[in-house]
Amino acid sequence: MWVIIDLVLIALFEIVALVHLYRRRESTKRRELVKWTLLIVLLPLLGALGYFFGVLEKSIQRGTPGRRDEAAPFLRPFRNDR
């Protein structure tokens, strides 16, 4: 029973990572997009974790101290601006 729950949670985590990657495809180079997609599909848990940590690392902006930076844009609620 716990194995099924674990597999479902890992699958959901992988789907969230792929959807997030798909939503950012315009700002991502094709080579990087293919690399992350293959990594997420072939190594579901490690690939998704690596992807989210990579996004988090790139999204932390080191600007002036008074600037209001958003550290993790993937934590924002979904907005459909199109």
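Residues numbered from 1 in each chain as written. Predicted model: local features only at pLDDT ≥ 70, side-chain atom pairs only at ≥ 80, totals over all residues. Heavy atoms only, no water.

Novice: Is there a simple way to explain the packing of helix α1 (residues 2–23) against helix α2 (residues 30–42) in this structure?
Specialist: For any two helices packed against each other, one specifies the inter-axial angle together with the distance between the axes. At their nearest, the axes of α1 and α2 sit 10 Å apart, and the two run at 170° to each other. In terms of orientation, α1 lies roughly antiparallel with respect to α2. Touching Glu 14, Ala 17, Leu 18 and Leu 21 of α1 are Leu 33, Trp 36, Thr 37, Ile 40 and Val 41, all from α2. In terms of residue class, the contact of α1 with α2 is made up of seven nonpolar, one polar and one charged. (Axes fitted to C-alpha atoms, helices over the stretch in contact; angles between N-to-C directions. Helix = DSSP H or I, 4+ residues; strand = E, 2+ residues; numbered from the N terminus. Parallel < 35°, antiparallel > 145°, perpendicular 65-115°, else oblique. Contact = heavy atoms within 4.5 Å. Nonpolar A, V, L, I, M, F, W, Y, C, P; charged D, E, K, R; others polar.)

Novice: Quick question: what am I supposed to make of the packing of aromatic side chains here?
Specialist: Two aromatic rings are characterised by how far apart their centres lie and by the angle between their planes. Taken as a whole and judged by the stated rule, the model has three aromatic pairs. On the numbers, 5.5 Å between centres and 70° between planes, the contact of Trp 36 with Tyr 51 is edge-to-face. Here Tyr 51 lies in helix α3 (residues 44–59) and Trp 36 lies in helix α2, a separation of 15 residues in the sequence. In this pair, the class of Trp 36 matches that of Tyr 51, namely buried. Following the ring pairs from residue to residue traces out a cluster consisting of Phe 13, Trp 36, Tyr 51 and Phe 52. Sitting above the plane of the Tyr 22 ring, Arg 25 keeps its charged end 4.1 Å from the centroid. (Phe/Tyr/Trp six-rings, centres within 6.5 Å; stacked < 30°, edge-to-face > 60°. Buried < 20%, exposed > 50% of the residue type's maximum accessible area, 1.4 Å probe, protein only. Lys NZ or Arg CZ within 6 Å of the ring centre and 35° of its normal.)

Novice: When you look at the pattern of salt bridges in this model, what are you seeing that I'm missing?
Specialist: As a working rule, side chains carrying opposite charge can pair if their charged atoms are close by. Within the structure shown, the criterion is met by one salt bridge. Note that Arg 25 is salt-bridged to Glu 26, the shortest N-O span being 3.6 Å. Accessibility expressed as a relative area gives 52% for Glu 26, which makes it exposed. (Salt bridge = Lys/Arg side-chain N within 4 Å of Asp/Glu carboxyl O.)

Novice: Help me understand the environment of Leu 39, please; the structure alone is not making it clear to me.
Specialist: By the secondary structure assignment, Leu 39 is in helix α2. Given a relative accessible area of 31%, Leu 39 falls into the partly exposed group. When the C-alpha positions of Leu 39 and Tyr 51 are compared, they lie 8.6 Å apart, and in sequence the two are twelve residues distant. Filtering out sequence-adjacent residues up to four positions away, Leu 39 remains in contact with Pro 44 and Gly 47.

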